[in-house]
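Commentary on secondary and tertiary structure
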Amino acid sequence: MKKLLLALSLSTTALAANAADYVIDTQGGHASINFKVSHLGFSWLTGRFNDFEGDFVWDRENPAASSIQVQIDTASIDSNHAERDKHLRSDDFLDVEEHPRASFTSTAYTPTGEGTGELTGEFSLHGVTRTISFPVEHVGEGEDPWGGYRAGFAGNTSIMLGDYGMAGPLGNLEVELELHVEGIRQ
Amino acid sequence: MLKNTVHAYGWVAIALHWLVALTVYGMFALGLYMVELTYYDAWYRGSLETHKAVGILLALLLLARLAWRLVNPRPRGLSTTPWENRLAHWMHWALYGLLLAIVVSGYLISTADGRAIEVFGLFQVPATLTAEHQEDVAGEVHEILVWSLIILSALHALAALKHHVVNRDRTLRRMLRPNSGSARRPN
């Protein structure tokens, strides 16, 4: 009986290892959530969220079983200008006191080609949750020089502030989101 | 009469008092107005630039006022009850303290990322402290202190009116001109 349990637990471990759990390497700073907004149509304003965490499941042999979840600390918004960041955190925009977290939880991943796929999931921002879908690129994976195993992805999508309850005069502003994640296999 | 005596305020103290009062209420109104402006309003940027520059000038004015106060005699309180005079004295220092803390907290909002404050193209005040989320904390502090100042300064004004109307003494008049009549003369 003990042997059977052992064998069972070993086999589940083996299964889990295939569809590996990766923790996004925010600790080592190998992940970023950037945004880009048109400034009056004259130039691009860029910024990022400094604090977030998450993990993903990725199996090269079975990419359709992949999933990811990310939690973002909205107060960590950083557009390299304190006065603007203060305004973005206020109830004119993110209202970080009321909505300290934004999150993305995937519901499906559809491979579309070699190293590419379409990621679908629930994106929650400013208390509004919407289903979004966007293309993702599997940048690479393999053993790192320090004894670990890593896999990385990049994806782009865009949202309208108005869709997430930030109507105001900038509600029809499109914000491009750029996601770079590198995970360390656990 | 430029300098104070133990009975009267000189012109310099009177001018500084009213200039600070006028600036503070103007800045209060500008502050309330500018945070309601939206991105595409023509004065969205100018209002903030003006508020910051005037704030720096106000800080200099406050330092000048405190320095002048230190080298001048302090006119004695006119209340017949000692505790009222003591209370008025504490109120004056509370107002000075709040004013200084307000200009410092305002400065800490705008310089939180290391940017300097530009004063009408005349000079710049560089940043000093730059801590994480400093702009948010300093912003909350700025707002709370400003409302405290507005409430206390209203009480200060009411007290002056009470002296004028109820006690019928020179308390209010001596802040309007130095020779407001001696204590011997009736109103």
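Criteria and cut-off values
- Throughout, residues of each chain are indexed from 1 in the direction in which the sequence is written.
- The lettering of chains begins at A and the numbering of ligands begins at 1, in the order of writing.
- Local features are withheld for residues below a pLDDT of 70 in this predicted model, meaning they are given only at 70 or higher, and side-chain atom pairs are given and counted only at 80 or more; totals for whole chains, interfaces and linings count all residues.
- In computing side-chain properties, one takes all heavy atoms of the structure into account and sets aside hydrogens as well as water.
- The pLDDT value expresses, per residue, how confident the predictor is, ranging between 0 and 100.
- Here, residues are in contact when the closest pair of their heavy atoms is within 4.5 Å.
- What goes into a patch is any residue over 30% in relative accessible area without a salt bridge, connected to like charges within 9 Å or, for nonpolar side chains (Val, Leu, Ile, Met, Phe, Trp, Tyr), within 5 Å.
- A 1.4 Å probe and the Shrake-Rupley method give the accessible areas. Residues count as covered only by the protein chains that appear here.
- A side-chain nitrogen of Lys or Arg and a carboxyl oxygen of Asp or Glu constitute a salt bridge if their distance falls within 4 Å.
- This count recognises Lys and Arg as positive and Asp and Glu as negative, with His and chain-terminal groups excluded.
- For charged residues, the charge sits on one atom: NZ in Lys, CZ in Arg, CG in Asp, CD in Glu.
- We count a stretch as a helix when DSSP gives it H or I for four or more residues in a row; a strand needs E for two or more, and each element gets its number in order from the N terminus.
- Buried surface area refers to the total accessible area, computed with a probe of radius 1.4 Å, that the two partners give up upon joining, counted for both partners together.
- By the criterion applied in these results, polar contacts are pairs of N or O atoms within 3.5 Å in which, for protein atoms, one can donate a hydrogen and the other can accept it, and in which residues neighboring in sequence qualify only through two side-chain atoms.
- All amino acids are sorted into three groups, where Ala, Val, Leu, Ile, Met, Phe, Trp, Tyr, Cys and Pro are nonpolar, Asp, Glu, Lys and Arg are charged, and the leftover types, Gly among them, are polar.
- Whenever a helix is involved, its axis is fitted only over the stretch in contact; in every case the axis is a line through C-alpha atoms, and angles between N-to-C directions fall within 0 to 180 degrees.
- Should an angle fall under 35 degrees it is taken as roughly parallel, and over 145 as roughly antiparallel, whereas 65 to 115 is taken as roughly perpendicular and any remaining angle as oblique.
- By definition, turning the near helix anticlockwise from the far helix through less than a right angle yields a left-handed crossing, and turning it clockwise yields a right-handed one.
- Here the rule is simple: two strands pair whenever DSSP picks up at least two bridges between them.

Here we look at the confidence of the model for chain B
All names here are of chain B.
- The pLDDT averaged across chain B works out to 93; a share of 96% of its residues lies at or above 70.
- Note that residues 183–187 has pLDDT below 50 and, in this model, four contacts with residues that lie over four places away or in other chains.
- Of the two predicted TM-score estimates for the complex, the pTM is 0.83 and the ipTM is 0.81.

Looking at a negative patch on the surface
- Taken together, the side chains of Asp91, Asp92, Glu97 and Glu98 of chain A together with Glu36, Glu140 and Glu143 of chain B define an acidic patch exposed on the protein surface.
- Counting through the fold element by element, glutamate 143 of chain B comes out in helix 4 (residues 134–167).

Describing the interface of chain B and chain A
- Across the contact, 16 residues belong to chain B and 14 residues belong to chain A.
- Of the roughly 1,300 Å² buried between chain B and chain A on both sides combined, carbon and sulfur atoms contribute 53%.
- When the area that chain B buries against chain A is broken down by residue, the three leading residues are Tyr39, Tyr40 and Glu135 of chain B, summing to 35%.
- The tally of links from chain B across to chain A stands at three salt bridges.
- With a shortest N-O distance of 2.7 Å, arginine 89 of chain A and aspartate 136 of chain B are connected by a salt bridge.
- Between the two partners, chain B and chain A, sit eight residue pairs in polar contact (both at pLDDT 80 or more).
- A per-element tally of the side of chain B that touches chain A places helix 4 of chain B first, with four residues.
- A class-by-class count of the residues in the side of chain B that touches chain A yields six nonpolar, four polar and six charged.

Quick word on the packing of helix 1 (residues 11–34) of chain B against helix 4 of chain B
All names here are of chain B.
- Look at helix 1 against helix 4: their axes get within 12 Å of each other, and the N-to-C directions meet at 135 degrees. Taken together, the axis directions place helix 1 and helix 4 in an arrangement best described as oblique. The chirality of how helix 1 crosses helix 4 is left-handed. Two secondary-structure elements touch here, helix 1 through His17, Val24, Tyr25, Phe28 and Leu32 and helix 4 through Val146, Trp147, Leu149, Ile150, Ser153, Ala154 and His156.

Details of the pairing of strand 8 (residues 116–125) of chain A
Residue and element names in this part refer to chain A.
- Where strand 7 (residues 101–113) meets strand 8, nine bridges bridge the pair, whose relative direction is antiparallel. Across the sheet, the residue bridging to serine 106 is glycine 121, located in strand 8.
- Here strand 8 runs beside strand 9 (residues 128–143); their pairing, made up of 10 bridges, is antiparallel. Of the residues in strand 9, the one forming a bridge with threonine 116 is glutamate 137.
- With antiparallel pairing between neighbouring strands as the criterion, strand 8 and strand 9 make up a hairpin whose turn holds two residues, including histidine 126 at a positive phi of roughly 55 degrees.

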